[in-house]
Structure formats: C-alpha cells, structure tokens
Amino acid sequence: MTLGAIAILGAGWFLARPMQAHVGAAPLDLAAETVSIAGGSNGIIRGWFSPGKRGVGAVLLMHGNGDNRTSMLGRARFLHREGYAVLLIDLQGHGESPGRHLTFGALESVDARAALDFLRAHAPTERIGVIGYSLGGAAALLGATPLPVDAMVLEAVYPTIEDATANRLRVYLGPLGPLLLPVLTAQIHLWTGISASALRPIDGISRVVVPMLLIAGERDTRTTLTDSQRMFAAAHAPKELWIVPDAGHDDFHGTHGAAYEKRVGGFLRLHLHSTDAGGSQSRVSEGPPAALTSSR
C-alpha cells in the first residue's frame, strides 16, 4: 500500500516536473537576438526574436510539453525565410524560463500574453499569428479569453486534461490504464494547484473569433484524431482542419515539411499579410494540402 501511494505521488510529480535546460544563442541563420521578456507567470520569459519585413506579419511560436524553443526552430526558419517577424519563447518551467511546475497550459497562458505584448511592441504595425504545438496550443486557448491574435495555428491540442491523461495512461499501461485517471488528475492538482476545470482548451476554442487552422495527426495516440475532431467541431468558422496522414503526436513540420510549409504558409499569407484580406471557409482535408479558398 505504501509503495503504491509513493508510486502515485511520484507519477504526479513526474508529469508536473519542470523541464529547464540551457538553450543559448539562436542559430546564425535565424538572425535572431536573445530576449528576456518581463512579465509572464514567473516574472520573466526567455526567448529569441527575429525581425521581419514590413507588412508580412509576425508569428509567436510556442512549443510542446517538455520541450523548449529549439523544438520550434524548423518552423521559425521557414517563417523567417518568408519574411515574418518571429518570436520563439520558452514557456514557464521549460528551457531557460523559470517555473516550479508545469501546468499544462494554465500558467503558460499568462506567458503567452506577455510574449504577445512583447511582439506587438516590437512589430507594432504587423498582424500577428500564433503557432502553438500541443501545450503551446493549450496556452493560446486557456485563461480568461483565447490569445487575442489575428490568426491561430493549433497543432495536436488536447480537449481536456482528463482526455490527455487518459490517452497517456492507455499508451503506457494499456487498456486498464485509464482506471487510474481520477487519482492521477488529483495528483496534478496537488502538485500544481491547478484544477481540472481550468484545463479545458475545448472551452477556449469555442471562444476563438479569428481564423483558425487545426492540425491533427491521423495516428496520434496522445491527442487522438477523435479529440481533434471534437476540438474542430467546437470551434467557429472561419476554420480549417488538416489531418496529417500517418502522423502521430509529431513535429508536423519536421515530418511533413513541404506539405506543412505549403498549408501553413498559405494560411498565414491569407490572414497576416497586410496586402491580403479575407477569411477561409470551414473545411476538412486529408492527404496533401489543397489550395486555400476564401470568402466572407
């Protein structure tokens, strides 16, 4: 009994433990400076900022759970080549940003708003988008309101913390794993002080009022295709769902680079370039990306 209790406590600590690491300077080809952003959930956020061309737009990049800004480098390089101003940050408790516990998007949403304020100050004339992968997407949706940007790209974002935890228990422990869900979600609250009711990105996505592209892995076991379809159904138009063939809970840019750059690049050009106007119709696609369409 004692060993079991210790194991359960250990599992909760393991899920919420900080994932800090030295990151250092940005690669030279990104032409970015290292920045320290005042504010956020723990007083300061570390990141890289790369200025862009006037009128192209600006993009905030937010990584997944357990990663840091380096995991978004492929996306940043692609956006930099396209002329966007780019800000990559370490969410709280990750990389070089301080934090006692990971909070699955709750405190990270405070970081997202501070980072957005920084980006607005340093690219004041630009329309701004966000690309959030998993945890980063949850950070864009949680809080009192979704992140107030001009366009959202959300990748593999969990609907609720119960869904996310049950899926991972199933992956690691098999079909009976989800039986531990109530105990483990209680442990998350114990370690982070964040209740499950505050960790429902599906509620946030229903309040998004800007164009949104939701990206899902066809074979994702951590944010299942069914989860992503529920998220898409809860969102308002204009919206798009791109189901990436044979992909799991992956770095979609890393595994499907050309398709990713065509699809995401087209979406961002449509909604962020100052010379373009319009919105996209709601649609679902599988396989290679098709041409973007627009209507209002």
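Residues numbered from 1 in each chain as written. Predicted model: local features only at pLDDT ≥ 70, side-chain atom pairs only at ≥ 80, totals over all residues. Heavy atoms only, no water.

Participant: Account for the overall build of the chain, with residues named and values stated.
Facilitator: Secondary structure summary: the chain contains ten helices and eleven strands in total. Expressed as a percentage of the 296 residues in the chain, the buried residues total 53%. If you sum the accessible surface of the chain, you get close to 12,200 Å²; carbon and sulfur atoms cover 58% of it. (Helix = DSSP H or I, 4+ residues; strand = E, 2+ residues; numbered from the N terminus. Buried < 20%, exposed > 50% of the residue type's maximum accessible area, 1.4 Å probe, protein only. Areas by Shrake-Rupley, 256 points an atom, 1.4 Å probe, with all protein chains shown as cover.)

Participant: Before we move on, can you summarise the nonpolar core with the specific residues and values?
Facilitator: By size, the foremost hydrophobic cluster in this structure holds 51 residues, and its most contacted members are Leu 60, Met 62, Leu 87, Ile 89, Leu 147, Met 152 and Leu 154. Element by element, the count of residues in this core is highest for helix α3 (residues 106-122), at seven residues. Setting aside residues no more than four positions away along its own chain, Met 152 makes contact with Val 130, Ala 140, Leu 141, Pro 146, Leu 147, Val 208, Val 210, Pro 211, Met 212, Leu 213 and Phe 267. Ranked by size, the runner-up nonpolar core spans 31 residues in total, among them Leu 30, Tyr 133, Ala 151 and Phe 252. (Core = buried A, V, L, I, M, F, W, Y, C linked by side-chain atoms within 4.5 Å. Contact = heavy atoms within 4.5 Å.)

Participant: Describe a nonpolar patch on the surface, with residues and values.
Facilitator: Together, Val 171, Tyr 172, Leu 173 and Leu 180 line one region of the surface with nonpolar side chains, adding up to about 410 Å² of accessible area. Structurally, the position occupied by Leu 180 is in the loop between α5 (161-173) and α6 (181-192). (Patch = residues over 30% accessible without salt bridge, like charges linked within 9 Å, V, L, I, M, F, W, Y side chains within 5 Å. Salt bridge = Lys/Arg side-chain N within 4 Å of Asp/Glu carboxyl O.)

Participant: Can you lay out the pairing of strand β4 (residues 58-62) for me, pointing to particular residues and giving the numbers?
Facilitator: Along β4, five of the five residues are buried, which leaves the element largely enclosed by surrounding structure. For β4 and strand β5 (residues 85-89), the ladder comprises five bridges, and the chain directions are parallel. Looking at the pairing, Ala 58 lines up with Ala 85 of β5. For the crossover from β4 across helix α2 (residues 73-82) to β5, the handedness is right-handed. (Pairing = 2+ DSSP bridges. Right-handed = clockwise from strand over helix to strand, strands pointing away.)

Participant: Go over the environment of Gln 187, please, and point to the residues and values.
Facilitator: On the secondary structure map, Gln 187 appears in helix α6. For the pair Gln 187 and Ala 16, spaced 171 residues apart in the sequence, the C-alpha separation amounts to 9.3 Å.

Participant: Please provide a residue-by-residue account of the packing of aromatic side chains, values included.
Facilitator: Counted by the stated rule, this structure contains three aromatic pairs. A ring pair is formed by Phe 78 and Tyr 260, whose centres lie 6.5 Å apart and whose planes are at 80°; its orientation type is edge-to-face. Taken together, the residues span a long stretch of sequence, with Phe 78 in helix α2 and Tyr 260 in helix α10 (residues 257-272) at a distance of 182 residues. Like Tyr 260, Phe 78 is buried. (Phe/Tyr/Trp six-rings, centres within 6.5 Å; stacked < 30°, edge-to-face > 60°.)

Participant: Quick one: what's the story with the pairing of strand β3 (residues 44-50), residue by residue and with numbers?
Facilitator: Most of β3 sits inside the fold, with five of its seven residues counted as buried. Pairing between strand β2 (residues 33-38) and β3: six bridges, direction antiparallel. Pairing of Glu 33 across the sheet is with Phe 49, part of β3. Where β2 folds back onto β3 in an antiparallel hairpin, the turn is made up of five residues, including Gly 39, whose phi is positive at roughly 110°. Relative to β5, β3 runs antiparallel, the two sharing four bridges. Looking across to β5, one finds that Phe 49 is bridged to Leu 87.

Participant: Just give me the short version of the packing of α5 against α6, but keep the residues and values in it.
Facilitator: Where α5 contacts α6, the axes come no closer than 10 Å and their chain directions differ by 120°. Overall, the two elements α5 and α6 adopt an arrangement that is oblique. Crossing angle aside, the handedness with which α5 passes α6 is right-handed. Only Leu 181, Leu 184, Thr 185 and Ile 188 of α6 make contact with α5, whose side of the interface consists of Ile 161, Glu 162, Thr 165, Ala 166 and Leu 169. Looking at side-chain class alone, the contact of α5 with α6 contains six nonpolar, two polar and one charged residues. (Axes fitted to C-alpha atoms, helices over the stretch in contact; angles between N-to-C directions. Parallel < 35°, antiparallel > 145°, perpendicular 65-115°, else oblique. Left-handed = near helix turned anticlockwise from the far one by under 90°. Nonpolar A, V, L, I, M, F, W, Y, C, P; charged D, E, K, R; others polar.)

Participant: Report on α2, specifying residues and quantitative values.
Facilitator: The complete set of buried residues in α2 reads Leu 73, Arg 75, Ala 76, Phe 78 and Leu 79. Gly 83 lies just past α2 and shows a positive phi near 100°.

Participant: Tell me about the side chain of Lys 239, and name the residues and values.
Facilitator: Among the structural elements, Lys 239 can be located in strand β10 (residues 239-244). The side chain of Lys 239 sits in the buried core without any salt bridge; Glu 240 is the nearest counter-charge, 12 Å away. Only 2.7 Å separates the side chain of Lys 239 from the backbone oxygen of Ala 235, close enough to count as a polar contact. (Lys, Arg positive; Asp, Glu negative; His and termini not counted. Polar contact = N/O pair within 3.5 Å; in protein donor to acceptor, adjacent residues only side chain to side chain.)

Participant: Before we move on, can you summarise the packing of α2 against α10 with the specific residues and values?
Facilitator: Contact geometry of α2 with α10 gives a least axis separation of 11 Å together with a crossing angle of 50°. Between α2 and α10, the crossing angle belongs to the class labelled oblique. As for how α2 packs across α10, the hand of that crossing is right-handed. Of α10, the residues touching α2 (which contributes Arg 75, Phe 78, Leu 79, Arg 81 and Glu 82) are Tyr 260, Glu 261, Val 264, Gly 265, Leu 268 and Arg 269.

By themselves, these are just geometric observations and shouldn't be taken as functional.
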